[in-house]
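# Analysis of the macromolecular model
Each chain is listed here by its residues.
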There are 2 protein chains.
Amino acid sequence: MTDRRRIASASAAGKVMTAEQAAALIPPGAHVGMSGFTGAGHPKAVPQALAARVVEARAAGESFTVSVWTGASTAPELDGALAAVDGIDLRMPYQSDPVTRAKINAGRLDYVDIHLSHVAQMVWEGFFGHLDIAVVEVAAITEDGDLVPTTSVGNNKTWIDQADRVIVEVNAAQPLELAGFHDIYYGTALPPNRKPIQILHTADRIGTPYFRCPPEKIIAVVETDAPDREAVFTPPNHTSHLIADHVLEFLLHEVAIGRLPRTLLPLQSGVGNVTNAVLAGLEDAPFRPMTAYTEVIQDGLLQLVRSGMISQASATAFSLSDAGQADLRDNLDFYRQHVVLRPQEISNHPEVIRRLGCLAMNGMIEADIYGNVNSTHIMGSSIQNGIGGSGDFARNAYLSMFLTPSTAKNGLISAIVPMVSHVDHTEHDVHVIVTEQGLADLRGLPPRRRAQRIIDHCVHPDFRPALQNYFDRALAVAPGQHTPHMLTEALSWHVRYLEHGSMQTSPDRPLGPPVLGTFTGR
Amino acid sequence: MTDRRRIASASAAGKVMTAEQAAALIPPGAHVGMSGFTGAGHPKAVPQALAARVVEARAAGESFTVSVWTGASTAPELDGALAAVDGIDLRMPYQSDPVTRAKINAGRLDYVDIHLSHVAQMVWEGFFGHLDIAVVEVAAITEDGDLVPTTSVGNNKTWIDQADRVIVEVNAAQPLELAGFHDIYYGTALPPNRKPIQILHTADRIGTPYFRCPPEKIIAVVETDAPDREAVFTPPNHTSHLIADHVLEFLLHEVAIGRLPRTLLPLQSGVGNVTNAVLAGLEDAPFRPMTAYTEVIQDGLLQLVRSGMISQASATAFSLSDAGQADLRDNLDFYRQHVVLRPQEISNHPEVIRRLGCLAMNGMIEADIYGNVNSTHIMGSSIQNGIGGSGDFARNAYLSMFLTPSTAKNGLISAIVPMVSHVDHTEHDVHVIVTEQGLADLRGLPPRRRAQRIIDHCVHPDFRPALQNYFDRALAVAPGQHTPHMLTEALSWHVRYLEHGSMQTSPDRPLGPPVLGTFTGR
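Since we're looking at a predicted model, the values are computed, not measured.

## A short note on the overall build of chain A
Counting its secondary structure elements, chain A contains 18 helices and 26 strands. For 522 residues, the compact-globule estimate of 2.2 N^0.38 gives 24 Å, and the C-alpha radius of gyration of chain A, at 24 Å, lies within 12% of that figure. The principal-axis extent of the C-alpha atoms belonging to chain A is close to 75 × 55 × 45 Å. Across the 522 residues that make up chain A, the buried fraction comes to 66%.

Shown next as structure tokens:
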């Protein structure tokens with residue numbers, strides 16, 4: 001029985017069908033643009049039905065794959081389901097699904113890792129070919145045929161605009177009161193017709209609350225009632241508390257010497273437990289009221305909004321624990337006054353990020369002694385998730401900070417290495433590196449002074465002597481002394497891990513107790 | 001005898017002195033902001049007088065160094081003179097001087113390599129400490145005390161604003177008719193007070209023609225009569241002709257399929273002979289009238305303006321051969337209608353570059369099979385020049401192209417390697433790679449397909465089998481198949497060069513005749 005509160009358009013109501021019927025409208029080889037960003041607002045039913053079609057086709061001896069374009073990561077019922085049946089031939093621009101990751105690293109799924117601000121324009125420019133079908137979750141279809149977004153905006157505007165045909169999932173589990181959170185900007189264009197994006201403050205609204213979609217483009221409406229993915233919120237541990245303390249002390253210092261306003265500048269915080277801990281650490285900081293111009297609203301950020309510490313937050317998606325989702329649902333009228341969700345081409349736009357002067361805090365996999373950062377690859381070859389928006393923010397931020405525990409895998413891997421095995425953020429884009437050992441402020445420093453500062457402040461004591469030794473010998477023998485490296489050893493820590501399961505020089509040596517540093521100054 | 005046509009301000013006329021007297025006003029340890037960009041518009045006399053002071057101080061047993069901040073590269077009489085006497089302790093943001101480079105790579109001079117769009121804001125933000133003195137070349141000082149810029153703008157506005165004291169060189173060799181070329185924008189601010197930069201078209205003017213400077217800040221006026229550095233213009237050779245042909249064919253193709261307008265989009269062209277050759281190759285192209293929103297106007301670009309092929313060109317500096325300089329001088333009234341010079345924070349601003357949709361063409365040192373580009377380092381340790389504006393343009397361009405001959409050092413070095421020894425532009429920022437062998441369009445491709453395309457289209461035949469062999473074995477044995485690498489061999493080509501003077505596997509093998517490819521499609 002069609003819910004006419006959610007499907008008010010008569011035209012749309014006439015296209016209600018099952019997920020299986022809708023999935024049957026997606027041909028093999030299609031380029032499919034799906035909604036979804038960090039497990040929020042993705043279609044819940046059609047992708048699984050499409051996966052079943054793939055299995056059937058294969059049983060009948062036919063091949064069946066599609067290209068899947070999204071906002072960012074989705075959930076097991078989208079990426080997981082389609083990857084499990086080898087139903088995806090090309091995936092972009094970001095993923096974090098374990099099944100998808102395994103398929104990519106096994107060479108069975110092609111993945112293109114793109115700055116999130118680049119996706120919409122590249123599709124519009126035609127770099128990925130034509131978009132055949134959009135599959136977009138909404139909270140409702142208005143009488144006029146407008147689409148009410150749900151918990152993420154991502155690339156939905158672009159998918160709906162660019163696709164020949166649109167399949168809409170109307171999710172009864174998404175509150176109708178989400179209407180009004182969104183600011184869908186229709187002013188982007190291809191050059192030479194681009195105009196300034198007139199956002200001067202975090203909360204500025206320059207668009208409309210709904211997605212427009214010509215009714216004739218909609219070929220199917222599928223009713224669902226399913227929650228977003230839970231973003232498991234791990235309470236901060238001792239390591240992440242220390243990282244948060246270093247960041248807080250640094251921000252206090254920058255305010256004290258007049259390099260930051262007393263209410264800071266708009267915060268950007270990458271997804272993850274460490275950045276969540278930093279946000280939690282701001283709960284009692286003297287920076288009230290702060291703002292956030294970021295990609296994703298996690299639990300830590302939501303709590304700061306709830307407590308009034310953050311007065312305005314702009315993002316393209318929520319990514320919440322079950323408790324956070326319940327809090328949001330219970331207080332929609334409150335949050336609607338303090339939160340705006342934008343298309344990711346705007347939430348991540350270099351023009352706006354640079355104008356607002358964001359304070360960017362992103363996690364990473366590893367950094368090297370010269371401040372190059374690897375956000376995406378394990379040991380140079382395997383993808384972890386993707387670069388996401390970290391490049392959009394790091395390059396254009398007022399302050400670009402990268403945060404990580406100093407070790408991984410129970411101390412077998414050092415997060416600071418002689419040379420990173422893959423570069424996502426170059427030495428030119430990294431201002432500050434923080435581990436639980438301390439904080440290294442690299443601004444204005446030439447490479448060799450960056451190296452000594454990182455070794456002194458950020459490296460775990462188990463690895464510090466070896467890294468100092470590498471640097472000292474490079475200073476002695478490298479063919480050039482701007483960025484002294486010994487190329488025969490630069491990647492040896494990674495090779496050692498691949499061969500012996502540890503970056504430690506003596507794999508048999510028992511690891512000492514965790515040595516946690518204190519903030520040792522800038 | 002003071003030239004009152006050029007020094008019309010009575011206050012300034014009263015401060016005329018010799019370069020030696022002016023240099024005596026610069027204390028040891030000072031942070032000095034100097035004019036100059038690609039050998040144009042740098043101070044001609046004070047830096048040499050300062051170098052003499054350094055020598056005298058050292059003879060007296062005193063240490064004397066200064067920090068030198070500029071727009072970009074300067075000339076032997078600035079960088080060369082000061083580096084030769086070890087008078088610089090820190091240099092930023094870009095240099096190309098052989099003496100300076102040697103000192104940096106010998107570890108005797110600290111160099112910080114920065115995106116050119118970041119410099120002004122970082123200084124304003126205080127990341128480099130306080131600016132003590134500005135030394136700026138001008139064509140004239142007006143009666144009102146305004147300063148008429150010369151052949152580069154660079155960071156002069158910021159130096160004059162930020163410095164406590166200003167030394168002005170008034171260069172009689174710079175035509176007074178340069179007045180009117182410049183658009184000095186005073187609307188930048190620190191966040192949270194930044195506004196949109198209202199440039200919508202290449203030729204839009206949003207500023208004033210002069211630098212403002214409070215008269216009391218000026219502590220010395222020095223009269224000079226000396227030319228800019230000659231940017232030696234090497235006529236295109238067979239290799240650069242082939243590269244230009246590939247680029248032209250590619251642009252024609254993009255126009256033909258509707259991905260570029262018939263008049264293209266604003267061109268950006270990095271400094272160098274290869275990009276100059278590409279510009280020369282556009283002389284007969286059917287893209288009239290084109291525009292350029294770029295950093296530097298070289299001979300190739302000037303010729304396109306002269307011929308009417310380019311109707312409007314925006315840059316922050318000229319960098320011309322002696323013939324080009326003469327042509328500019330002889331036709332100032334013509335060029336003033338078609339050229340605007342801006343501060344480099346605007347010429348290189350991500351907001352404007354992305355809005356206009358520049359077509360970026362930059363040289364490089366090497367690329368790897370996955371499309372990461374090294375623009376700055378030789379064999380991982382030694383600086384060549386610096387990143388300049390290539391990152392500002394590559395990240396934000398509509399199309400980001402990197403151009404290089406496929407080999408260097410008479411064929412001993414391959415410009416395409418398994419893994420670059422330093423990364424300035426990541427795989428996320430590189431759309432197209434061009435060598436004389438061909439053009440690889442990497443847009444929308446996952447890493448392994450990028451690798452095969454680069455190997456097929458861009459690698460010199462002398463190196464192609466070895467690179468294919470590396471890639472094939474990585475496909476077989478790499479621990480992850482997203483970006484298959486063998487870390488034990490990834491840098492082996494560079495190691496081989498350092499140890500044997502050649503990247504070729506058999507250094508004794510005679511090089512075959514140069515094999516030049518044809519364009520083999522996209």
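## Points about the packing of helix α10 (residues 299-306) of chain A against helix α11 (residues 322-330) of chain A
All names here are of chain A. Between α10 and α11, the least distance of the axes is 10 Å, while the angle of their chain directions is 35 degrees. Between α10 and α11 lies a crossing whose hand is left-handed. Here D299, L302 and R306 of α10 lie close against α11, whose contacting residues are G324, D327 and L328. Tallied by class, the residues present in the contact of α10 with α11 amount to two nonpolar, one polar and three charged.

## With respect to the packing of aromatic side chains
Residue and element names in this part refer to chain A. Inspection of the entire model under this criterion finds 14 aromatic pairs over all chains. Here the aromatic rings of Y370 and F471 are separated by 6.4 Å at their centres, their planes lie at 75 degrees, and the arrangement is edge-to-face. Note that Y370 is positioned in the loop between β17 (366-368) and β18 (373-374) and F471 in helix α17 (residues 464-477), a separation of 101 residues in sequence. Three or more aromatic residues joined by ring pairs form one cluster here, namely W69, F128 and W159.

## Describing the interface of chain B and chain A
The partner chain A presents 85 residues to the 85 residues of chain B that form the contact. Buried area between chain B and chain A, summed over both chains or domains, comes out near 7000 Å², and the portion from carbon and sulfur atoms is 56%. Connecting chain B to chain A are four salt bridges. Across the pair R355 of chain A and E351 of chain B runs a salt bridge, and its minimum N-O distance is 3.3 Å. Where chain B packs against chain A, one counts 38 residue pairs in polar contact (both at pLDDT 80 or more). The dominant element in the side of chain B that touches chain A, judged by the number of residues it contributes, is helix α14 (residues 350-356) of chain B, at five residues. Of the residues assigned to the side of chain B that touches chain A, the class counts are 37 nonpolar, 30 polar and 18 charged.

## Things to note about the side chain of R450 of chain A
Residue and element names in this part refer to chain A. Tracing the chain through its elements places R450 in helix α16 (residues 447-458). By relative accessible area, which is 5% here, R450 ends up buried. Here E427 takes part through its side chain, which lies 2.3 Å from a polar atom of the side chain of R450. In this structure R450 touches I369, Y370, E427, L442 and L445, once residues within four positions along its chain are discounted.

## A word on the pattern of salt bridges
Summed over the entire model, instances satisfying the criterion amount to 40 salt bridges over all chains. Put simply, K44 of chain B and D228 of chain B hold a salt bridge, and the shortest N to O gap is 2.9 Å. Taken together, the positions of K44 of chain B in the loop between β1 (31-34) and α3 (46-59) and D228 of chain B in the loop between β9 (218-224) and α8 (238-256) put the pair 184 residues apart, joining distant regions of the chain. Residue K44 of chain B is classed as buried on the basis of its relative accessible area, which comes to 5%. Residue D228 of chain B is classed as buried on the basis of its relative accessible area, which comes to 11%. Several salt bridges converge on common partners, so that one network encompasses E254, R259, D441 and R443 of chain A.

## Here's the deal with the relation of the copies chain B and chain A
Superposing chain B onto chain A takes a rotation of 180 degrees combined with a translation of 0.0 Å along the rotation axis, leaving an RMSD of 0.0 Å. On the angle and the small slide along the axis, the relation comes out as a two-fold axis. Taking C-alpha positions as the reference, the residue of chain B nearest the rotation axis is E351 of chain B, at 2.2 Å.

## Notes on the sheet that holds strand β8 (residues 165-171) of chain B
Ordered in space as β4-β3-β2-β1-β5-β8-β9 (chain B), the seven strands form an open sheet in which the pairing is parallel. Every interior strand has two partners, whereas the edge strands, β4 (110-111) and β9 of chain B, have only one.

## Digging into unusual backbone geometry
Put simply, M92 of chain A and P93 of chain A share a cis peptide bond, and its omega is 5 degrees. Examined against the element boundaries, P93 of chain A turns out to sit in the loop between β3 (88-92) and α5 (98-105). Here the phi dihedral of L264 of chain B falls at roughly 60 degrees; this positive angle occurs in a residue that is not glycine. Considering the arrangement of structural elements, one finds L264 of chain B in the loop between α8 and β10 (267-269).

## Some details on the packing of α8 of chain B against helix α9 (residues 273-281) of chain B
Residues and elements named next belong to chain B. Packing of α8 against α9 leaves a shortest axis separation of 8 Å and a crossing angle of 55 degrees. The orientation of α8 with respect to α9, classified from their angle, is oblique. The crossing of α8 and α9 is right-handed. Counting all contacts with α8, which are made through S240, I243, A244, V247 and L248, the residues of α9 involved are V274, A277, V278 and G281. Among the residues making up the contact of α8 with α9, the classes are represented as seven nonpolar, two polar and no charged.

## A look at the pairing of strand β21 (residues 399-403) of chain B
All names here are of chain B. Here β21 lies mainly inside the structure; five of its five residues are buried. Bridge count between strand β16 (residues 359-363) and β21: five bridges; the pairing is parallel. When the bridges of β21 are listed, N362 appears paired with F402. Two strands pair when backbone bridges link them, and β21 and strand β25 (residues 432-435) are joined in this way by three bridges, in the parallel orientation. Among the inter-strand pairings, L403 is bridged to a residue of β25, identified as V434.

## Concerning α8 of chain B
All names here are of chain B. Taking 1.5 Å of rise per residue, 19 residues should cover 27 Å, and α8 covers 27 Å from first to last C-alpha, within 8% of that figure. Along α8, the positions that sit buried rather than exposed are S240, L242, I243, A244, H246, V247, L248, F250, L251, E254 and V255. If you check the start of α8, you find a side-chain oxygen 3.1 Å away from the backbone N of T239, and it comes from N237. Of the residues trailing α8, G258 is marked for its positive phi of about 85 degrees.

## Observations regarding the sheet that holds β18 of chain A
All names here are of chain A. Pairing within the open sheet is mixed, and its three strands lie in the order β18-β17-β24. The open sheet has two edge strands with one neighbour each: β18 and β24 (416-417). Judged from the two bridges that link them, β17 and β18 form a sheet pairing that is antiparallel. Its bridge partner lying in β18, A367 is registered against V373.

Quick notes on the rules
- Residues numbered from 1 in each chain as written.
- Chains lettered and ligands numbered in written order.
- Predicted model: local features only at pLDDT ≥ 70, side-chain atom pairs only at ≥ 80, totals over all residues.
- Heavy atoms only, no water.
- Helix = DSSP H or I, 4+ residues; strand = E, 2+ residues; numbered from the N terminus.
- Rg over C-alpha atoms; globule rule 2.2 N^0.38 Å.
- Buried < 20%, exposed > 50% of the residue type's maximum accessible area, 1.4 Å probe, protein only.
- Axes fitted to C-alpha atoms, helices over the stretch in contact; angles between N-to-C directions.
- Left-handed = near helix turned anticlockwise from the far one by under 90°.
- Contact = heavy atoms within 4.5 Å.
- Nonpolar A, V, L, I, M, F, W, Y, C, P; charged D, E, K, R; others polar.
- Phe/Tyr/Trp six-rings, centres within 6.5 Å; stacked < 30°, edge-to-face > 60°.
- Buried area = accessible area lost by both parts, 1.4 Å probe.
- Salt bridge = Lys/Arg side-chain N within 4 Å of Asp/Glu carboxyl O.
- Polar contact = N/O pair within 3.5 Å; in protein donor to acceptor, adjacent residues only side chain to side chain.
- Least-squares fit on C-alpha atoms with pLDDT ≥ 70 in both.
- Pairing = 2+ DSSP bridges.
- Parallel < 35°, antiparallel > 145°, perpendicular 65-115°, else oblique.
- Expected span 1.5 Å × (residues − 1).

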